[in-house]
Amino acid sequence: MLETLRRLPRIRLGHLPTPVEPLPRLGAQLGVQIWVKRDDLTGLGMGGNKVRKLEWLVAEALAHGAKTLLTLGAVQSNHCRQTAAAAARIGLDCVLVLGGDSPAHATGNVLLDKLLGAELIWAGTRNREEVLAETFDQLWSAGRRPHQIPYGGSSPVGAAAFANALAEFLDQGIEVDRIVHATSSGGTQAGLLAGAVVLGFRGEILGISVDRPASELAATVHRLSGEILALGGGTAHVSPDSVHVLDEYCRPGYAVVSDLERGAIREFARSEGLLLDPVYTGRAAGGLLDLVRSGRIERGERILFWHTGGGPALFAHGDEL
């Protein structure tokens with residue numbers, strides 16, 4: 001299955017493979033062995049896990065004769081920032097539909113979107129998907145050949161990049177009992193689960209939701225993992241029972257910085273010099289710390305924390321940190 005997926009068109013954009021680093025001081029404090037997969041170091045546009053997906057998605061766009069990449073996200077979307085960087089690298093236009101209104105000052109990812117040359121469309125109080133559809137029609141009518149990339153890059157083609165990413169990690173020779181990561185659009189988790197089925201990885205893949213109910217997100221992940229496996233031409237499937245999503249840490253709301261995120265960001269920074277973001281990795285790391293300290297993850301376990309990036313958002317939430 002992976003060999004079939006690897007034959008799909010791909011444009012190299014990221015610095016891969018990303019390193020895996022031990023976190024010995026944090027691990028000693030928690031009583032576990034913990035490593036971090038540094039997808040914040042993928043390079044393009046200040047890095048992040050979406051670069052993996054975009055290597056396949058941009059190739060797909062070029063195969064369809066695209067001149068413009070079009071996608072959507074929240075105000076401080078890492079996916080949108082990395083899509084803008086990919087477009088700039090390849091020489092395509094980029095149009096981003098962002099939720100809400102333009103901030104008074106361009107900070108964090110919004111600043112980077114503009115520096116990268118993206119055109120920003122603000123949805124205001126309207127549904128972003130409706131604005132996206134209208135924008136696509138306008139771009140098409142203007143002859144700009146838009147190619148629409150879904151929220152988070154989480155199509156079967158984009159998410160399949162994380163089946164390949166799991167193979168990359170396993171080749172790095174570190175055995176772990178579970179992989180913990182932030183999840184929202186579901187593509188990262190779906191790809192990891194699809195890869196686990198094919199590669200025989202038996203550890204838990206635990207997604208900590210940053211915004212969606214567990215039942216809804218688990219259904220998305222399960223469907224998408226099946227679509228990835230079908231794309232690869234295999235007959236394997238992901239059991240619904242293996243899709244593990246926790247939503248108890250997202251109750252404050254998307255991008256609402258609470259003591260959970262503040263505590264995790266400071267602890268990772270001060271114990272390991274590792275910077276997390278306040279929306280995704282900060283929330284997932286806060287959940288991980290709570291799971292260990294509450295005993296739901298047992299002492300002595302071997303854990304991989306998959307750092308999905310997002311550092312530029314720190315500078316948009318400085319007053320809250």
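Keep in mind that this is a model prediction, so the values were computed, not measured.

## Here's the deal with the packing of aromatic side chains
Next, step 1: All chains considered together, the criterion is met by five aromatic pairs.
Next, step 2: Pairing phenylalanine 136 with tryptophan 140 gives two aromatic rings, centres 6.1 Å apart and planes at 15°, and the pair type is stacked. Of this pair, phenylalanine 136 and tryptophan 140 both sit in helix α6 (residues 128-141), four residues apart, which is roughly one turn of the helix.
Next, step 3: Aromatic pair tyrosine 254 and tyrosine 280: ring centres 6.0 Å apart, planes at 75°, arrangement edge-to-face. With tyrosine 254 in the loop between β9 (244-246) and α11 (259-272) and tyrosine 280 in the loop between α11 and α12 (281-293), this pair connects stretches of sequence that are 26 residues apart.
Next, step 4: Among the residues examined, tyrosine 254 registers a relative accessible area of 29% and is labelled partly exposed.
Next, step 5: Ring pairing ties together the aromatic residues Phe162, Phe169 and Trp306, which thus form one cluster.

## Observations concerning the sheet that holds strand β4 (residues 93-98)
Strands in a sheet are paired, the pairing made by backbone hydrogen bonds, and the direction either parallel or antiparallel.
Next, step 1: Across the sheet, four strands lie side by side as β5-β4-β3-β6; this open sheet has parallel pairing. Looking at strand neighbours, the two that pair on one side only are β5 (119-122) and β6 (146-148), the edges of this open sheet. Sheet twist, expressed as the mean angle between neighbouring strand axes with direction ignored, is 25°.
Next, step 2: Across four bridges, β4 lies against β5 in parallel orientation. Its bridge partner lying in β5, valine 95 is registered against glutamate 119.
Next, step 3: Contacts between α6 and the sheet are confined to β3 (68-73), β4, β5 and β6, with β3 contributing the most and set at about 170° to the helix.

## Observations concerning α6
Next, step 1: Taking 1.5 Å per residue, 14 residues should reach 20 Å; α6 reaches 20 Å between its end C-alpha atoms and fits that length.
Next, step 2: Those residues of α6 not exposed but buried are Val131, Leu132, Thr135 and Leu139. Buried positions in α6, seen along its axis, are confined to an arc of 100° and lie on one side of it.
Next, step 3: Those residues of α6 that are buried are in contact with β3, β4, β5 and β6.
Next, step 4: For α6, the N-terminal capping position is held by asparagine 127, with its side-chain oxygen 2.8 Å away from the main-chain nitrogen of glutamate 129.
Next, step 5: Two residues or fewer past α6, glycine 143 is found with a positive phi of approximately 80°.

## Focus: a nonpolar patch on the surface
Next, step 1: On the surface, a nonpolar cluster with roughly 250 Å² of combined accessible area is contributed by Leu170, Val197, Val198 and Leu199.
Next, step 2: Ranked by residues supplied to the nonpolar patch, first place goes to helix α9 (residues 187-199) with three residues.

## Side note on the sheet that holds strand β2 (residues 33-38)
Next, step 1: Judged by pairing direction, the sheet is mixed, and its six strands sit side by side in the order β1-β2-β10-β7-β8-β9 without closing on themselves. Looking along the sheet, the strands with just one partner apiece sit at the ends: β1 (20-22) and β9. Between one strand axis and the next, the sheet turns through 25° on average, direction left out of account.
Next, step 2: The pairing of strand β7 (residues 178-183) with strand β8 (residues 204-209) spans six bridges and is parallel. By the bridge assignment for β8, threonine 183 is matched with serine 209.

## A look at the environment of glycine 186
Next, step 1: Inspection of the secondary structure puts glycine 186 in the loop between β7 and α9.
Next, step 2: For glycine 186, a relative accessible area of 3% gives the class buried.
Next, step 3: Leave out the neighbours within four places in its chain, and glycine 186 touches Ser154, Leu217, Val221 and Leu224.

## Observations regarding the pattern of salt bridges
Next, step 1: The tally for this structure, following the rule as stated, stands at 19 salt bridges.
Next, step 2: A salt bridge links glutamate 55 to arginine 10; the nearest nitrogen and oxygen atoms lie 2.7 Å apart. Here glutamate 55, found in helix α3 (residues 50-63), pairs with arginine 10, found in the loop between α1 (2-6) and β1; they are 45 residues apart in sequence, far enough to count as distant.
Next, step 3: Residues joined by salt bridges that share partners form a network here, namely Lys37, Asp39, Arg52 and Glu168.

## So, the nonpolar core
Next, step 1: Ranked by size, the top nonpolar core spans 34 residues in total, and within it Phe169, Val176, Ile179, Leu304 and Trp306 carry the most contacts.
Next, step 2: For this core, the elements supplying multiple residues, two or more each, are α1, α8 (161-171), α9, α10 (214-231) and β10 (302-307).
Next, step 3: Broken down by element, this core gets its largest block of residues, seven residues, from α10.
Next, step 4: Setting aside its immediate chain neighbours within four residues, valine 176 contacts Trp35, Phe169, Phe201, Arg302, Ile303 and Leu304.
Next, step 5: Residues Leu26, Ile34, Leu289 and Ile297 belong to the second largest nonpolar core, which totals 29 residues.

## A word on the side chain of asparagine 78
Next, step 1: For asparagine 78, the location among the structural elements is in helix α4 (residues 78-90).
Next, step 2: Side-chain polar atoms of asparagine 78 contact the side chain of asparagine 109, separated by 3.0 Å.
Next, step 3: What asparagine 78 contacts, discounting residues up to four positions off in sequence, is Asn109, Tyr280 and Gly310.

Definitions and limits used
Residues numbered from 1 in each chain as written. Predicted model: local features only at pLDDT ≥ 70, side-chain atom pairs only at ≥ 80, totals over all residues. Heavy atoms only, no water. Phe/Tyr/Trp six-rings, centres within 6.5 Å; stacked < 30°, edge-to-face > 60°. Helix = DSSP H or I, 4+ residues; strand = E, 2+ residues; numbered from the N terminus. Buried < 20%, exposed > 50% of the residue type's maximum accessible area, 1.4 Å probe, protein only. Pairing = 2+ DSSP bridges. Axes fitted to C-alpha atoms, helices over the stretch in contact; angles between N-to-C directions. Contact = heavy atoms within 4.5 Å. Expected span 1.5 Å × (residues − 1). Arc of directions from axis to C-beta. Polar contact = N/O pair within 3.5 Å; in protein donor to acceptor, adjacent residues only side chain to side chain. Patch = residues over 30% accessible without salt bridge, like charges linked within 9 Å, V, L, I, M, F, W, Y side chains within 5 Å. Areas by Shrake-Rupley, 256 points an atom, 1.4 Å probe, with all protein chains shown as cover. Salt bridge = Lys/Arg side-chain N within 4 Å of Asp/Glu carboxyl O. Core = buried A, V, L, I, M, F, W, Y, C linked by side-chain atoms within 4.5 Å.

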